[in-house]
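Residue strings, one per chain:
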Amino acid sequence: MANVPITVAHGDGIGPEIMAATLHILQEAGARLDMETIEIGEKVYLRGISAGIEPSSWESLRRTKVFLKAPITTPQGGGFKSLNVTTRKTLGLYANVRPCVAYHPYVDTKYPGMDVVIVRENEEDLYAGIEHQQTDQVVQSLKIISRPGSEKIVRYAFDYAVRNRRKKVTCFTKDNIMKLSDGLFHKVFDEIGAEYPDIEKEHWIVDIGAAKLADTPTAFDVVVMPNLYGDILSDVAAQIAGSVGLAGSANIGTGAAMFEAIHGSAPRRANQNLANPSGLLLGGVMMLVHINQADVAERVHNAWLRTMEDGIHTYDIFQEGVSKEKVGTKEFAAAVVERLGKGPEKLKPVSYQAAPKQNVTSAAKERPKAKKDLLGVDVFLHWSAGSPDDLAKALGKVSVNGVKLHMISNRGVKVWPEGMPETFCSDHWRCRYTANQANAPVSHAQIVELLGQISAQGLDFIKTENLCAFDGVRAFSLEQGE
Ligand code: NAD
């Protein structure tokens, strides 16, 4: 079989040592790779390249579409962009996959038997980075959840479960509060889940789900989440498995993928032949599966499990009475190489070879466009000259034919008409205008006229949000108290 081109970056701190160990094991195991090396990280940042990667390196990544990356050091001080975020966004790496496994009794853990895979949406949600200060008192960060983005990640999670013979996929959202955004993610989970009748499905509200995950991780298998919850809970899951230094991670896109350890460059441990290469090695195993070298992936992973089981441990996981031999990075790699062809006797061996093929697809289904009706507009004002009734009075001078002021809210609570005097009001107001007749349409021209008149009254409008219905279904939230 032909070699597969990959791009390799040796990184900073312990990066070069753990990458050398990883590549040595992969090559001895028979990985069919053509490697291109690029430089990333500290030296590149310090040359004044704020992204930490040379423009020419993108050519290699675009060519190979497979990136095995050692950890890097982000220099102290401002102005440096996160290389991970840049790579993720540039290459469209929409899925972050992080297996969190306990290796009891060989590695200390609170949860023997824990074997959870967190599949985190990687591009959307609050990480879109669309933020604005709108008034003296209020800033806003937009949470973007798209149907295609949700479909891609949810399908990836189910396909991953099939390929890895997992039994259950759990979804975490907060759709009791964010009924539209998290509600869409949950709905897509239900729709796509229905295509996988052999996989058990469940949904948890993220707060109680997170508590359950931290308390009884053995109750979970594959867990799929929007970006922010996934960011937080993948760290929690890796930490409670007891194996932060052992966990690998994959960032998967439609066209490209990046594989790494979850830990950083641990600069204080560098150049001493101390570091544990296991996290990067297991990232490498995920890479081999991704490039259809499941045979090699299996050989490496099982030899690594045997090494763990034989008590050949680096300093970070060494336990008196449990471990047999404390070794350095190079000796650990040699121990894994020695065990190639063997598997664990007590831990569960892995098997990737006979697995059904995973579809890595963009998976967003073509859908007919819905009928969209414009039913009104929320006009947001920066205002601090009195009570809600005073604001309603000031807006009383605004008169656009066919449109009326329906309600005013502040921080999501209705304050006019019939507000409560106890409600705290900031300087950020939402004024909801709808048609005079219930559910009648409103036009762009009416909205433009409305804004013109509001401005003419000396009121500072800061943004508008159109109120729509899609196929006759209301597509905006009601206020608390509305
Ligand atoms: P870290 O993960 O590098 O190290 C924390 C501690 O964990 C280390 O002091 C060390 O004791 C231990 N450790 C981590 N990996 C180990 C290994 N493989 N073997 C043995 N011990 C290990 O976290 P940090 O100290 O917060 O960050 C150091 C640098 O790494 C920072 O510059 C940070 O920005 C960067 N970082 C990079 C990545 C990445 O490239 N993906 C991720 C996280 C942090």
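Numbering of residues starts from 1 in each chain and follows the order in which that chain's sequence is written. Two thresholds apply to this predicted model, a pLDDT of at least 70 for residue-level local features and 80 or more for giving and counting side-chain atom pairs, whereas whole-chain, interface and lining totals are computed over all residues. Each side-chain value is derived from all of the structure's non-hydrogen atoms; neither hydrogens nor water enter the calculation.

## Observations concerning the packing of helix α9 (residues 278–290) against helix α10 (residues 294–309)
Step number 1: Interaxial angles span 0 to 180 degrees and are taken between N-to-C directions of axes, which are lines fitted to C-alpha atoms, for helices over the stretch in contact. Numbered from the N terminus, helices here are DSSP runs of H or I no shorter than four residues, and strands are runs of E no shorter than two. It is at 7 Å that the axes of α9 and α10 come closest, and there the two elements cross at 155°. On the basis of the axis angle, α9 is roughly antiparallel to α10. Here α9 and α10 pass one another in a crossing that is left-handed. Taking contact as the criterion, the partners of S278, L281, L282, V285, L288 and V289 in α9 are, on α10, A294, V296, A297, V300, H301, W304 and M308. Should an angle fall under 35 degrees it is taken as roughly parallel, and over 145 as roughly antiparallel, whereas 65 to 115 is taken as roughly perpendicular and any remaining angle as oblique. Note on convention: the crossing is left-handed when the near helix lies turned anticlockwise from the far helix by less than a right angle, right-handed when the turn is clockwise. Note on contacts: a residue pair is in contact if any heavy atoms of the two residues lie within 4.5 Å.

## Some words on the packing of aromatic side chains
Step number 1: The rule is short: rings of Phe, Tyr and Trp, with Trp giving its six-membered ring, pair when the centres are within 6.5 Å, and they are stacked under 30 degrees, edge-to-face over 60, tilted in between. By the definition in use, this model includes 9 aromatic pairs.
Step number 2: Between F158 and Y196, the aromatic rings sit 5.0 Å apart at their centres with planes inclined by 20°, giving stacked as the arrangement. Linking F158 in helix α5 (residues 147–163) with Y196 in the loop between α6 (181–193) and β9 (200–205), this pair joins segments that are 38 residues apart in sequence.
Step number 3: An aromatic cluster is present here, built from Y94, Y156 and Y160 joined pairwise through their rings.
Step number 4: The ring of F380 has K463 lying over it, and the distance from NZ or CZ to the ring centre is 4.9 Å. Should the NZ of a Lys or the CZ of an Arg lie within 6 Å of a ring centre and within 35 degrees of the ring normal, that charge is described as sitting over the ring.

## Details of α5
Step number 1: How far a helix is expected to stretch is found by multiplying one less than its residue total by 1.5 Å. For α5, which comprises 17 residues, the first-to-last C-alpha distance of 24 Å matches the rise-based estimate of 24 Å (1.5 Å per residue) to within 8%.
Step number 2: Among the 17 residues in α5, 15 count as buried, and that is most of the element.
Step number 3: Residue S146 occupies the N-cap position of α5, its side-chain oxygen lying 2.8 Å from the main-chain nitrogen of G149.
Step number 4: Phi turns positive one or two residues past the end of α5, at R165, with a value near 55°. Accessibility here uses a 1.4 Å probe with only protein chains present; expressed as a share of the type maximum, an area under 20% marks a residue as buried, one over 50% as exposed, and anything in between as partly exposed. For the purposes of these results, a polar contact is taken to be a pair of N or O atoms within 3.5 Å, where, inside protein, one atom must be able to donate a hydrogen and its partner to accept one; residues adjacent in sequence count only when each atom of the pair is a side-chain atom.

## Considering the domain arrangement of the protein chain
Step number 1: The split of the chain into domains comes from an automatic or database domain assignment. According to the domain assignment, the protein chain consists of domain 1 (4–338) and domain 2 (372–474).
Step number 2: Here the C-alpha centre of domain 2 lies 45 Å away from the C-alpha centre of domain 1.
Step number 3: Across the domain 1/domain 2 interface, buried area totals approximately 620 Å², and carbon plus sulfur atoms make up 52% of it.
Step number 4: Two parts placed together each lose some accessible area under a 1.4 Å probe, and adding up what both lose gives the buried area. Per-residue buried area on domain 1 facing domain 2 is highest for Q134, T135 and Q137; these three make up 63% of the total on that side.
Step number 5: Salt bridges are defined as contacts in which a side-chain nitrogen from Lys or Arg sits within 4 Å of a carboxyl oxygen from Asp or Glu. Here domain 1 and domain 2 share 0 salt bridges between them.
Step number 6: Counting every contact that joins domain 1 to domain 2 gives 6 residue pairs in polar contact (both at pLDDT 80 or more).

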